[in-house]
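Spelled out from the first residue to the last, the chains are:
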Amino acid sequence: MMRPYLILVCFAAAIGGFLFGFDTSVISGVVEFIETPQVFGLDEIQKGWAVSCIIIGCMLGCVLTGKPSQLFGRKKMLLITAFLFLFSTLGCALSDSFTAFIIYRILAGVAVGSASMLAPMYISEITPPEWRGKMVSFNQLATFTGQALAFVSNNILYKVDGTDNWRYMLGIMIVPSGLFLIFLLFVPESPRWLVQNNRKGKALDVLTRVNGAGNAQSELEEIIDSLEKTVVGKFSELFRGKMKKVMIIGILLAIFQQVTGINVIMYYAPAIFKSTGLGNESALFQTMIMGLVNLTFTVISILLIERLGRRLLMLIGSVGMGVFLAAVSIAYFTGHFNGIIVLVFIMGYLAFFALSLGPVVWVLIGEIFPNRIRSHAVSLAVFCLWTANFLVSFSFPFLLSHLKGGFTFLIYTIMCVLCFIFVLQYLVETKGKTLEQIEKEMIG
Ligand code: BGC
C-alpha cells in the first residue's frame, strides 16, 4: 500500500542526506577560485586544509549530536542542523578572509556530520519494518544526488563572469537548506523517542499516521515493551555486556564502507581518469556517467533490499566491488592502464557500491542498535565512518605516490575480502523485522 504521508516525512529528512552530499562535494569547484591571489592566495597546505577541514567538522557533528538528540528529540536536532546549514552556507559564501572561510566550513561540517547521523536514525525510527530499508536507502539516493548536482551546479556557475563564482557555488545551497528547514517544521517527532519520554498518546498518533490505525497499537505496545524495563542508556554502556558485540559490528560496518575505497573514487576520480590519458574536458561527461550509474544501482538496491535482505546485498556487493578493484589493481601492475578500460572497471565498482555498502550500511546503522541507547551508538558508529573517510581520502595521494596504483588498489581489494568474511560470519538478517524484534535477537 502507498503511504504518501510517510514518503513526505522521509523526503523531508532525506534533504539532510542531499545537503550532506552537496556540501562535501561543492568544494571541488570552489577551490580553484579561492586559491588565486585575487581571492585568498593559498599555498598547497592551505588548499588541502580548505578541502578537508569539513571532515573535522563532520566528526565533531556526529559526536555532538548524540546526547542532545536523546535529550531534546530527533526533530529539534534536525531543525538545529537545518539552521546550521543555512548559517554556514551564508558564512562561507560571504567570508572575506581565509580564516572566516575555514571556520564556516567547519561549521558546515558539523551540520553534515549531524545530518548524516540524524537522518537515517530518524527515518529508521519512524518507518514501519516493510518500508524501512527502502526509505533509509532513499536517503542514500539523496546523498548521491547532492554529490552529482554539486558538480553540475559548479559547472554551470563556473562560466559566470567574475571572481565571485565560488560565492555563488556555495551560496546556492541556501535553497535546499531553506527547504530543509521549512519541511522539517511539519514532520512529527520520532515515535520511539516519544515513548521514551512518556508521551505515548502522541506516539500512537504518529504511528497511526505513518503506519495506519490497524498496526499502530501493536507497534506501540512493542516499543513500550522494549523500553519499559530499561532506563535510558549512557555512552559508557556501549561496550558493556551484549551491547559490546553489536557496537563492534556497527563500527566495523561503518569502517568497511570507507576502507573499501569509495571516497578515493568520489573525490579523486577526475584525477584518476586524467592519469589514464582521458582529458580534463571529459570530466563532466565522466561525472555524469558516475551519477547515472549511482542512481540506477541505488534504485535497484531500493527495489531489492526488502526482498533479498541486507546480508545478501552486502555479500554480493563486497564480491563485486572486490573484483573490479582487483581489475584496477591488475591494470596498474601490468601497465594496461588505458582510459576506457579503467573507466569501465571504476563504474563496475561504483555500481556494486551503490547496490550494497552505500545504502545498506546506513540502513543497518539505523536499525541494529537498541532503542534505549540508539542515539549514542549511531553517533559513535558514524563518527568512526567519518574518521575512516578522513584517513582513506587523506592517505590516498601519499599511497599512490609511494606504493603506486597497483598496491594501493590491492589494499582496498583486500578490505573487500575482509568485509565479505565479516558479513558472512557476524551479520544477522534484519529485513522485515521491527526494531524491537531486531533488538531481541541482538541483545536478548
Ligand atoms: C558514504 C559516503 C560517500 C557516498 C557516495 C555514502 O554512503 O557514506 O562516504 O561519499 O556514499 O555517494
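Please refer to the structure higher up on the page.
Residues numbered from 1 in each chain as written. Predicted model: local features only at pLDDT ≥ 70, side-chain atom pairs only at ≥ 80, totals over all residues. Heavy atoms only, no water.

Observations concerning the site of the ligand
Then, number 1: Taken together, Gln140, Phe144, Gln147, Gln257, Gln258, Asn263, Met266, Phe353, Gly358, Trp362, Leu385 and Asn389 are the residues near the ligand.
Then, number 2: Interatomic distance of 2.8 Å between a side-chain N/O atom of Gln140 and an oxygen atom of the ligand.
Then, number 3: Between Gln258 and the ligand, the recorded distance is 2.9 Å, taken from a side-chain N or O atom to an oxygen atom.
Then, number 4: Here the ligand loses 99% of its free accessible area of 310 Å² to cover by the protein chains.
Then, number 5: Residue assignment for the shell around the ligand shows that the elements contributing at least two residues are helix H6 (129–157), helix H12 (243–259), helix H13 (262–275), helix H17 (357–367) and helix H18 (374–402).
Then, number 6: The element contributing the most residues to the shell around the ligand is H6, with three residues. (Near = heavy atom within 4 Å. Polar contact = N/O pair within 3.5 Å; in protein donor to acceptor, adjacent residues only side chain to side chain. Areas by Shrake-Rupley, 256 points an atom, 1.4 Å probe, with all protein chains shown as cover. Helix = DSSP H or I, 4+ residues; strand = E, 2+ residues; numbered from the N terminus.)

Topic: the packing of aromatic side chains
Then, number 1: Following the criterion strictly, the structure yields 20 aromatic pairs and no others.
Then, number 2: A ring pair is formed by Phe11 and Phe183, whose centres lie 5.8 Å apart and whose planes are at 55°; its orientation type is tilted. Here the residue Phe11 occupies a position in helix H1 (residues 4–25), and Phe183 occupies one in helix H8 (residues 174–184), the gap between them amounting to 172 residues.
Then, number 3: Each ring, one from Phe40 and one from Trp166, has its centre 5.6 Å from the other, and the planes form 65°; the classification is edge-to-face. In this pair, Phe40 is assigned in the loop between helix H2 (27–34) and helix H3 (44–71) and Trp166 in helix H7 (residues 165–171), connecting sequence segments 126 residues apart. Like Trp166, Phe40 is buried.
Then, number 4: In this structure an aromatic cluster arises from ring pairing among Phe40, Phe98, Phe101 and Trp166. (Phe/Tyr/Trp six-rings, centres within 6.5 Å; stacked < 30°, edge-to-face > 60°. Buried < 20%, exposed > 50% of the residue type's maximum accessible area, 1.4 Å probe, protein only.)

Comments concerning the packing of H12 against helix H19 (residues 404–426)
Then, number 1: In the contact formed by H12 and H19, the axes pass within 10 Å of each other and the chain directions differ by 150°. It follows that H12 is roughly antiparallel to H19 by the angle criterion. Crossing geometry of H12 relative to H19 is assigned as left-handed. Packed against H12, whose contacting residues are Lys245, Ile249, Leu252, Leu253, Phe256 and Val259, the element H19 presents Tyr412, Met415, Leu418, Cys419, Phe422 and Tyr426 at the interface.
Then, number 2: A class-by-class count of the residues in the contact of H12 with H19 yields 11 nonpolar, no polar and one charged. (Axes fitted to C-alpha atoms, helices over the stretch in contact; angles between N-to-C directions. Parallel < 35°, antiparallel > 145°, perpendicular 65-115°, else oblique. Left-handed = near helix turned anticlockwise from the far one by under 90°. Contact = heavy atoms within 4.5 Å. Nonpolar A, V, L, I, M, F, W, Y, C, P; charged D, E, K, R; others polar.)

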